[in-house]
Amino acid sequence: MSNTAAAIATAETHSAHNYHPLPVVVASADGAWMTDVEGRRYLDMLAGYSALNFGHGNRRLIDAAKAQLERVTLTSRAFHHDRFADFCTQLAELCGMEMVLPMNTGAEAVETAVKTARKWGYKIKGVPDGQAKIVVAADNFHGRTTTIVSFSTDPEARADFGPYTPGFQVVPYGDVDALDAAVDENTVAVLLEPIQGEAGVLVPPPGYLSFVRELTRVRNVLFIADEIQSGLGRTGKTFACEHEDVVPDMYVLGKALGGGVVPVSAVVSSAEVLGVFRPGEHGSTFGGNPLACAVALEVIAMLRSGEYQQRATELGDHLHHELGLLVGGGAVEAVRGRGLWAGIDITPSRGTGRQISERLMDRGVLVKDTHGSTIRIAPPLVISKEDLDWGLDQLRDVLAD
Ligand SMILES: *Cc1c(COP(=O)(O)O)cnc(C)c1O
């Protein structure tokens, strides 16, 4: 048996089958490229679902991590450490906000946002105890905890995991009237992805995010933007909300915040909102640890330069121009996205998203399918134009087969 087949067979035996990975076993990676255990190279057009915006083995991030590994990695929040204040200050500043609550994974940050909004609702807005409602969008993806899957509309993510957490109302994404009707006096928050990633890189209709901002402002409801996947450079801006000049009340961040090195997530908001917490009311053993802060500080410094956002804009324009040429040619029904991020609906008769992904893998390009015949493209923002073009050539060839 090959190294690949042996590794996959063993993984299938000893790991839960909650994923269906492509049959590639990665051994190392650099920039936009990964190398498998057989020595084959692949262009990474997924970038860890945007956790790897700055590429594999990014020198600045690895150096920051190594230096911190030698000093101190964990104190717990029982004590202060010397990277914490800088991390919180600089992340708040990047977001144009005042306070940060650090966690580890995206789902934990979403949970934190939910708890924050409820507590704000009871303590500041004056919602009767136990009545807080959060409005969310259909086809959302906010993570995998029991509370979060309670308001998922994806049967795969939700079925058999009840009883479900109450307190959420689902409205169609992009529908201003439905949102207007759903928000009532007990509504504490509207929680949305400014672009829905897992749903297939769905960009809402123009004006939607501005409408959400205005509605939530007038009705005294928090606008929570889950920018875990859309944020930190991917769309050509630091935050996808910026495309509509919208500033939410709360950003939920994760994925690229840890640079693909360590899990780092955070809720970032005003002092009024995050100020609702008292000691003992929320926490995480690893949240805000020194290693996480050191890596995230470097991520923040890289984003402050604007160069990654600019790359995402320029290469993204090129990507969407090239993908646009495929629409109507028979193999591609639609392309959506912003910046270096695209969802491509393949004509179903040409194959499922999975089949297209496998054919691309055979040609040395790694992507991930989502729902049915959609594949998404989200290469590291450090990808070269030549490599991006080579990846697009492979896609064209696969679709022409
Ligand atoms: C990935 C993702 C999450 C969950 O993050 P995890 O780190 O996997 O828990 C939440 N929201 C969005 C928009 C995401 O893309």
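Here the structure is shown first, and the text comes after it.
Novice: Any chance you could explain the pairing of strand β1 (residues 26–30) here in plain terms?
Specialist: Remark: a regular strand shows side chains that alternate across the two faces of the sheet. One ladder, built from 4 bridges, connects β1 with strand β2 (residues 33–36); its direction is antiparallel. Within β2, the residue paired with S28 across the bridge is T35. The loop that links β1 with its antiparallel partner β2 comprises 2 residues; one of these, G31, has a positive phi angle of about 65°.

Novice: Sorry, what's going on with unusual backbone geometry here?
Specialist: Geometrically, the link from G162 to P163 is a cis peptide bond, its omega value of 5° lying close to zero. Along the chain, P163 falls in the loop between α7 (155–158) and β6 (168–171). Notably, A47 is not glycine yet its phi reads approximately 55°, a positive angle. Note that A47 resides in helix α2 (residues 47–50). We classify A47 as buried; its relative accessible area is 0%.

Novice: Even after reading the chapter, I still don't get the packing of aromatic side chains, so can you show me in this structure?
Specialist: Geometrically, a pair of aromatic rings is defined through the distance of the ring centres and the angle of the planes. All chains considered together, the criterion is met by 5 aromatic pairs. Consider the rings of W33 and W390, whose centres lie 5.6 Å apart with planes at 40°: the pair is tilted. Placement of the pair is W33 in strand β2 and W390 in helix α14 (residues 385–400), with a sequence separation of 357 residues. W33 gets classed as buried once you look at its relative accessible area, which sits at 15%. We classify W390 as partly exposed; its relative accessible area is 31%. Look at F239 and Y251: their rings are 4.0 Å apart centre to centre, the planes differ by 20°, and that puts the pair in the stacked class.

Novice: Could you clarify how one ought to interpret the site of the ligand in this entry?
Specialist: As a matter of local geometry, the ligand sits amid T105, G106, A107, F141, H142, G143, E193, D226, I228, Q229 and K255. In this structure, F141 approaches the ligand through a main-chain N or O atom, which is 3.3 Å from a nitrogen atom. Here D226 contributes a side-chain N or O atom positioned 2.7 Å from a nitrogen atom of the ligand. Burial of the ligand by the protein amounts to 80% of the accessible area it has alone, namely 380 Å². In the shell around the ligand, the residues fall into 3 nonpolar, 5 polar and 3 charged.

Novice: Even after reading the chapter, I still don't get the pattern of salt bridges, so can you show me in this structure?
Specialist: Two side chains carrying opposite charge are able to pair once their charged atoms lie near each other. Counted according to the given criterion, the structure contains 17 salt bridges. Its salt-bridge partner being R40, residue D36 comes within 3.3 Å of it at the nearest N-O pair. With a closest N to O distance of 3.1 Å, K133 and D184 form a salt bridge. Residue K133 is found in strand β5 (residues 133–137), and its partner D184 is found in the loop between α8 (176–182) and β7 (187–192); the two are separated by 51 residues along the sequence. Accessibility expressed as a relative area gives 31% for D184, which makes it partly exposed.

Novice: Looking at this structure, I do not really get the sheet that holds strand β12 (residues 342–346). What am I missing?
Specialist: Hydrogen bonds along the backbone pair up the strands of a sheet, which may run parallel or antiparallel. On the basis of which strands lie adjacent, the open sheet formed by 4 strands has the order β11-β12-β15-β14 and antiparallel pairing. Where the open sheet ends on each side, the last strands, each with one partner, are β11 (332–337) and β14 (368–370). On average, each strand axis in the sheet is tilted by 30° relative to the strand beside it, whichever way the strands run. Here β12 runs beside strand β15 (residues 374–377); their pairing, made up of 4 bridges, is antiparallel. In the strand pairing of β15, A342 is matched with I377. Docked against the sheet, helix α12 (residues 307–326) engages β11, β12 and β15, running at close to 160° with respect to β11. Of the strands in this sheet, β12, β14 and β15 are in contact with helix α13 (residues 353–362), which crosses β15 at around 45°.

The rules we used
- Residues numbered from 1 in each chain as written.
- Predicted model: local features only at pLDDT ≥ 70, side-chain atom pairs only at ≥ 80, totals over all residues.
- Heavy atoms only, no water.
- Pairing = 2+ DSSP bridges.
- Helix = DSSP H or I, 4+ residues; strand = E, 2+ residues; numbered from the N terminus.
- Buried < 20%, exposed > 50% of the residue type's maximum accessible area, 1.4 Å probe, protein only.
- Phe/Tyr/Trp six-rings, centres within 6.5 Å; stacked < 30°, edge-to-face > 60°.
- Near = heavy atom within 4 Å.
- Polar contact = N/O pair within 3.5 Å; in protein donor to acceptor, adjacent residues only side chain to side chain.
- Areas by Shrake-Rupley, 256 points an atom, 1.4 Å probe, with all protein chains shown as cover.
- Nonpolar A, V, L, I, M, F, W, Y, C, P; charged D, E, K, R; others polar.
- Salt bridge = Lys/Arg side-chain N within 4 Å of Asp/Glu carboxyl O.
- Axes fitted to C-alpha atoms, helices over the stretch in contact; angles between N-to-C directions.
- Contact = heavy atoms within 4.5 Å.

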